[in-house]
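Structural characterization, general
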Amino acid sequence: MAARRTPIGNAGHGLADLTVPDLAAPILAAVAADLRANDIDIEIDDVVLGNCLGPGGDPARVSALQAGLGSEVPGVTVDRQCGSGLDAVMLAAQRVRSGEDKLILAGGVESASTAPWRYWPPVDGGDPTRYTRAPFAPSGFPDPDMGVAADDLARIRGISRERQDRYAERSHARAAAADFGAETVPIGEIDRDQRIRAGLTAQRLGRLRPAFGAGGTATAGNSCGISDGAAALAVTTAEVASGVPALRVLGAAVGATDPALPGLGPVPAIRKVLQRCGVGIDDIGVVEITEAFASVVLAVIDEFDIDPEVVCPQGGAIAMGHPWGASGAILLVRLAAQMLREGGPALGLAACAIGGGQGVAMLVERVS
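These figures come from a predicted structure and were not determined experimentally.

This part is about the UniProt feature "domain: Thiolase N-terminal" (unreviewed entry) in the protein chain. As recorded in UniProt, the feature "domain: Thiolase N-terminal" (unreviewed entry) lies at residues 2-237. Annotation note: span residues 2-237, helix share 31%, strand share 16%, distance between end C-alpha atoms 13 Å.

Okay, here's the thing in structure tokens:
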């Protein structure tokens, strides 16, 4: 419950001067304020935040202190790359379900703009070597960059450039038509997602060059943007949440597949959580998948034969941006906004593809 997020900023622009705690703290404070507004004043047992490229030093604890939650509130940071924010909520739900904790604030945060530069140590007296990401797989395994892997996935699964561009057009059009004001917490002068472009057509997208090599089909237009943002929500018991608009976590799962095709990572995770909960894909009213690349979402749609109309019905990361460590939690904020409105769907699914061939998925139910 109390699902909130920042506007999503383009890296180097509106939120560029804000560190990881600068982004996460206002969201944690907003969630705590929502709890107080609903007369929920029990102790916060922990803060669990996903983060990929922050400075280290346990940003969740730093953010909790900066949010004014009190020095007695601890924090722990989770890294499952692009699935970190969703995994943080999954871990919080498991702890609450165990009976050991009653209230955890969970979510994710990423500041691509302020991510520190990283270097491998010098070898044999040479210079240190800067790297932009850690390996997703060890030597001997494929470890493609995500864009290259998205091109490979599109080619192997027969997903055309035209279909990807049409999907990207849809993402921008639907996000431009949506009102996200109730779920966002303005940060300074930034009160809306910066990347969304109304009127962006498939024809215009078709003019863009491949972004990851000649002959590829992923472009800057049908892929997500590098972004800054944060999202969090409160995870608690049914008893504490009684009378408050909330989603019940029915189940969650992680899975893995060939690291050469990380875009298929959601498939085993989705299959596992559906089987565990005894739910069919056609029973789900809204599916939120991180739109890192159009080919990833389309491959998952094809794998499960999902009705495209229920997938990211108000647009997704192609339009809004993809702050890596936060994106999984942003999916849950989006599900809450759609499912808790009058007449909203009863069941929702969130899923993320993760570098190295992993996936995470969570099935939620609207509480009557």
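By volume, the largest pocket is sized at about 1,000 Å³. As for the largest pocket, its lining consists of 35 residues, and the residues nearest its centre are L53, T132, R133, I226 and W324. The set of elements that each furnish at least two residues to the lining of the largest pocket consists of β4 (76-78), β7 (129-131) and α4 (146-157). Its residues placed into classes, the lining of the largest pocket shows 19 nonpolar, eleven polar and five charged. When its volume is computed, the second largest pocket comes out at roughly 810 Å³. Together, 39 residues line the second largest pocket, and M1, A2, A246, L247 and L340 are the ones closest to its centre. Secondary-structure elements contributing two or more residues to the lining of the second largest pocket are α3 (84-98), β8 (227-236), β9 (247-256), α10 (324-339) and β12 (358-366). Ranked by residues supplied to the lining of the second largest pocket, first place goes to α10 with six residues. Looking at the lining of the second largest pocket, its residues break down into 25 nonpolar, seven polar and seven charged.

This part covers the environment of I301. Locating I301 in the fold gives a position in helix α8 (residues 294-304). Owing to a relative accessible area of 6%, I301 belongs among the buried residues under this scheme. Expressed as a C-alpha distance, the spacing of I301 and V287, which sit 14 residues apart in the sequence, is 9.9 Å. Ignoring sequence-local partners within four residues, the contact set of I301 consists of I306, P308 and V311.

In this section: the nonpolar core. Within the largest apolar cluster, 45 residues are counted, with the highest numbers of intra-cluster contacts made by Y167, I270, I284, V287, I306, V311 and L349. At the level of secondary structure, the elements contributing two or more residues to this core comprise α4, α5 (161-177), α7 (266-277), β10 (286-289), α8, α9 (317-320), β11 (347-354) and β12. The dominant element in this core, judged by the number of residues it contributes, is α8, at eight residues. Contact partners of L349, with chain neighbours within four places excluded, come to I270, V273, I281, I284, V286, V287, E288, L335, A361, M362 and L363. Judged by nonpolar contacts, the second largest core, of 39 residues, contains A88, A92, A329 and L331.

Next up on the list: empty space enclosed by the protein. The full count for this structure, using the stated rule, is two cavities of 30 Å³ or more. Size it by volume and the largest cavity reaches roughly 100 Å³. Along the walls of the largest cavity sit 14 residues, with G316, A317, G321, I330 and L331 positioned nearest its centre. Only β10, α9 and α10 provide two or more residues apiece to the lining of the largest cavity. With four residues, α10 is the largest single contributor of residues to the lining of the largest cavity. Here the residues of the lining of the largest cavity sort into seven nonpolar, four polar and three charged. Approximately 30 Å³ is the volume attributed to the second largest cavity. Lining the second largest cavity we find M146, A149, A150, L153, P262, G263, F293 and V296. Along the lines of polarity and charge, the residues of the lining of the second largest cavity split into seven nonpolar, one polar and no charged.

Parameters at a glance
- Residue positions within a chain follow its written sequence, with the count starting from 1.
- With pLDDT at 70 or above as the cut-off, local features in this predicted model cover only qualifying residues; side-chain atom pairs require 80 or more to be listed or tallied, and sums for whole chains, interfaces and linings still use all residues.
- Only hydrogens and water are set aside when side-chain values are computed; all heavy atoms of the structure are taken into account.
- UniProt positions are given in the numbering used here, feature names are shortened, and annotations may be inferred rather than shown by experiment.
- Put simply, DSSP marks the helices as runs of H or I at least four residues long and the strands as runs of E at least two long, and each gets a number from the N terminus on.
- Cavity: a set of points on a 1 Å grid over the protein atoms alone where a 1.4 Å probe fits but cannot get out. Pocket: an open set with protein on both sides within 12 Å along at least five of seven lines, its lining residues, like those of a cavity, having an atom within 4 Å of a point.
- Grid points are joined across faces, edges and corners, and a volume is the space filled by probe spheres set on the points.
- Ten residue types, Ala, Val, Leu, Ile, Met, Phe, Trp, Tyr, Cys and Pro, are classed as nonpolar, four, Asp, Glu, Lys and Arg, as charged, and the remainder, Gly among them, as polar.
- The cut-offs for exposure are 20% and 50% of the maximum accessible area for each residue type, with area from a 1.4 Å probe on protein chains only; residues under the lower value are buried, those over the upper are exposed, and the others partly exposed.
- What makes two residues a contact is simply this: any of their non-hydrogen atoms within 4.5 Å.
- Throughout, nonpolar core names a set of buried Ala, Val, Leu, Ile, Met, Phe, Trp, Tyr and Cys residues whose side chains join them through atoms within 4.5 Å.

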